[in-house]
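Observations on the model geometry
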Amino acid sequence: MQTDLIIKENELIDPAIYPEDQRGLVEDFNARIKRLTGIITGIGKEYHTIWVINSKTMDMDLYRSTGENTNRSAMALGFQFDKYDRFIEEYVDRFVVTNIESIQRDVKMDFVLSRIKDGDLFTLDYMRLADDGNMSYHQMAFALAGQPGETDNFILAFRDIDKTIRKHIADKRYLREQLDIVETLSRDYYNIFKINPKTGDVVILKLDGYVTKGMEGAGEKVYSYDVLYKQYVKDRVYSEDQEWMYDAISLETIKSKLKDNSEYVSSYRVMDKGEVHYYQFTYILINANVPNSDLLAGFKNVDDIVASAKERQNLEILASTDLMTGILNRGSGERKVIDAMANNKAGMLCILDIDKFKEFNDKLGHNVGDKVLRGIADVLKITFRDEDIIFRLGGDEYAAYVMNLNDEEAGKVVLERLFSEIAKMDFPELEERKVCVSAGAAFYKAGGKQSFEELYKLADSGVYESKKIDGSAVTFR
């Protein structure tokens, strides 16, 4: 790293712009700068303590100390030992706590001069013991105080790089987590994308499946998520599922689903060469602890998962069933509700969301979380009638359409019975934690003009109101 080490005349302060009685001070200041020619402007900005050392006599002169992040004991050491060899030996012995032997070797005068003789900047990073007993990442830098061959002086500067180093470590950990997630998805998913939720930018990480119009394959090229997903739905998704799919994988919906969960999963149908196939999408937060974390999106063909099935009927059953819980999945459940409404069958649509489900997964493990998911499904089966439609929306969300129920009081009775059954759920692994749900409900009257989407949004808004109440609760809309 070459450095511009000469202070030019036009970089000095012009005495003419100051009152006459102050010009003497300005000229003295310029003289001081000229005596210390070559102090690097960049070092002056970044380093809190700077010493100028004569390589012949080893004398040390303090050029500047901002006081910020300065170790007072180290400063005192510089005044106690005003010869470089004694000072640096004591400094390393007292304050350096990592790679001590290599630091001792690298700070010797001969070695330092060999590294900076051509005008290069030489830096050493290390862990330093501070006055308060804490350790932090620190850096010392060496540079000539003038042009090579024209000066006997060199600079020794110190700065705190703790925040920079710790951020670098965090970034490496973040990258490792990101790669682990991508590797896990890659086992099952043909197409994988990384999405920036703030900008809507998309980068393709893997593209072994269907190629949406406009894509060029995996690489660093940035695409618009809004453009890609709409094109995909238009060209690829089965016509009956398109309206739902436009909303289901919109960026707004995805961000809403991932507010309280680290992943969002659902299924849909695809038309390919005249045949209907069944697909699943998964959206995952790369780092759930970071606001506006990037997302990973994976798309896979469910046909391949059940490739060993002997009959097509098995695939049809799988397509309508949620693999985790055994009840209807979102696509088939919503289609049944839409059919019921189209046939003027009145009812109550109820949406349920498990409270604090992320804690079950994070603190007790995914096995326990899976038990809770299956347990809720079992409670739904025994609470509602065979004619009612119960299904899993994905993640920790469920829905039920209770046929011929359009009375709030009757709805309360049914849901109180549901809450009572949920309260009885008891797994040893829960460690005395109670499972609660937040519910929202809305009614469809026979002959009404409401669409399923309108009814769903009403019930879903009730869920968010119920979240404000401790324990299982329902809000009617």
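Quick look at the structure, then. (Residues numbered from 1 in each chain as written. Predicted model: local features only at pLDDT ≥ 70, side-chain atom pairs only at ≥ 80, totals over all residues. Heavy atoms only, no water.)

Examining the nonpolar core
Rules: To qualify as a nonpolar core, a set must consist of buried Ala, Val, Leu, Ile, Met, Phe, Trp, Tyr and Cys residues joined through side-chain atoms within 4.5 Å. Note on classification: 1.4 Å probe, protein chains only; a residue is buried when its accessible area is under 20% of the maximum for its type, exposed when over 50%, partly exposed between these limits. Labels follow the DSSP assignment, with helices taken as runs of H or I lasting at least four residues and strands as runs of E lasting at least two, numbered in each case from the N terminus. Two residues qualify as a contact provided that any one of their heavy atoms is within 4.5 Å of a heavy atom in the partner residue.
Ranked by size, the top nonpolar core spans 34 residues in total, and within it Met348, Ile354, Ile376, Leu380, Tyr398 and Val435 carry the most contacts. Looking at this core, the elements that each hand over two or more residues are strand E12 (347-354), helix H14 (357-364), helix H15 (366-383), strand E14 (397-403), helix H16 (408-423) and strand E15 (437-444). Leave out the neighbours within four places in its chain, and Met348 touches Ala400, Tyr401, Val402, Leu405, Gly411, Leu415, Ala441, Ala442, Phe443 and Phe476. Grouped together as the second largest cluster of nonpolar side chains are 30 residues, Val202, Tyr225, Tyr268 and Phe281 included.

Observations concerning the environment of Tyr225
Among the structural elements, Tyr225 can be located in helix H8 (residues 225-236). A relative accessible area of 7% places Tyr225 in the buried class. Each C-alpha atom of the pair Tyr225 and Phe193 lies 9.6 Å from the other, and the pair is 32 residues apart in sequence.

Things to note about the side chain of Thr475
Condition: Residues adjacent in sequence count toward polar contacts only when both atoms are side-chain atoms; beyond that, a polar contact is any pair of N or O atoms within 3.5 Å, and within protein one must be able to donate a hydrogen and the other to accept it.
Mapped onto the elements, Thr475 comes out in strand E16 (residues 473-476). Residue classification places Thr475 among the buried positions, given a relative accessible area of 15%. One polar contact links Thr475 to Ser466, side chain to side chain, over a distance of 2.8 Å. Setting aside residues no more than four positions away along its own chain, Thr475 makes contact with Ala439, Gly440, Ala441, Gly462, Glu465 and Ser466.

Here we look at the environment of Gly149
When you line up the elements, Gly149 lands in the loop between strand E4 (135-144) and strand E5 (153-160). Residue classification places Gly149 among the exposed residues on the basis of a relative accessible area of 82%. Between the alpha carbons of Gly149 and Gly119 there is a distance of 9.6 Å; along the sequence they are 30 residues apart.

Notes on the pattern of salt bridges
Our working definition: By salt bridge we mean one thing: a side-chain nitrogen of Lys or Arg within 4 Å of a carboxyl oxygen of Asp or Glu.
Overall, the coordinates contain 26 salt bridges when judged by the stated rule. Linking Glu90 and Arg86 is a salt bridge whose minimum nitrogen-to-oxygen distance equals 3.7 Å. Placement of both Glu90 and Arg86 in helix H4 (residues 84-95) is noted, with a separation of four residues, approximately one turn of the helix. Relative accessible area serves as the criterion here: at 17%, Glu90 is assigned to the buried category. Here Lys221 and Glu216 are joined by a salt bridge, their closest N and O atoms 2.8 Å apart. One connected set of salt bridges, linked through shared partners, spans Glu240, Asp241, Arg269 and Arg335.

Overview of the packing of helix H13 (residues 330-342) against helix H17 (residues 452-466)
The line we're drawing: Fitted lines through C-alpha atoms serve as axes, helices being fitted only where they are in contact, and the angles separating the N-to-C directions of these axes extend from 0 to 180 degrees. Any angle that is under 35 degrees is reported as roughly parallel, and any over 145 degrees as roughly antiparallel; angles of 65 to 115 degrees are reported as roughly perpendicular and all others as oblique. Working rule for handedness: look at the near helix, and if it is turned counterclockwise from the far one by less than a right angle, call the crossing left-handed; if clockwise, right-handed.
The contact between H13 and H17 brings their axes to 10 Å, and the two run at 115 degrees. Between H13 and H17, the angle is such that the two are roughly perpendicular. The crossing of H13 and H17 is right-handed. Together, Arg330, Glu334, Val337, Ile338 and Met341 of H13 and Phe452, Leu455 and Tyr456 of H17 make up the contact between the two elements.

Remarks on unusual backbone geometry
Even without being glycine, Met58 reaches a positive phi, approximately 70 degrees. Looking at the secondary structure, you find Met58 in the loop between strand E1 (49-54) and strand E2 (60-65). Judged by its relative accessible area of 22%, Met58 is partly exposed.

A look at the sheet that holds strand E7 (residues 201-207)
Note the cut-off: Two strands are said to pair when DSSP picks up at least two bridges between them.
Spatially, the six strands line up as an open sheet ordered E8-E7-E6-E11-E10-E9, and their pairing is antiparallel. The open sheet has two edge strands with one neighbour each: strand E8 (222-224) and strand E9 (263-272). Pairwise comparison of adjacent strand axes, ignoring direction, gives a mean angle of 30 degrees for this sheet. Inspection of the sheet shows strand E6 (residues 191-195) paired to strand E11 (residues 295-301) by five bridges, in the antiparallel sense. Of the residues in E11, the one forming a bridge with Lys194 is Leu296.

All quantities given are derived from atomic positions and should not be read as evidence of function.
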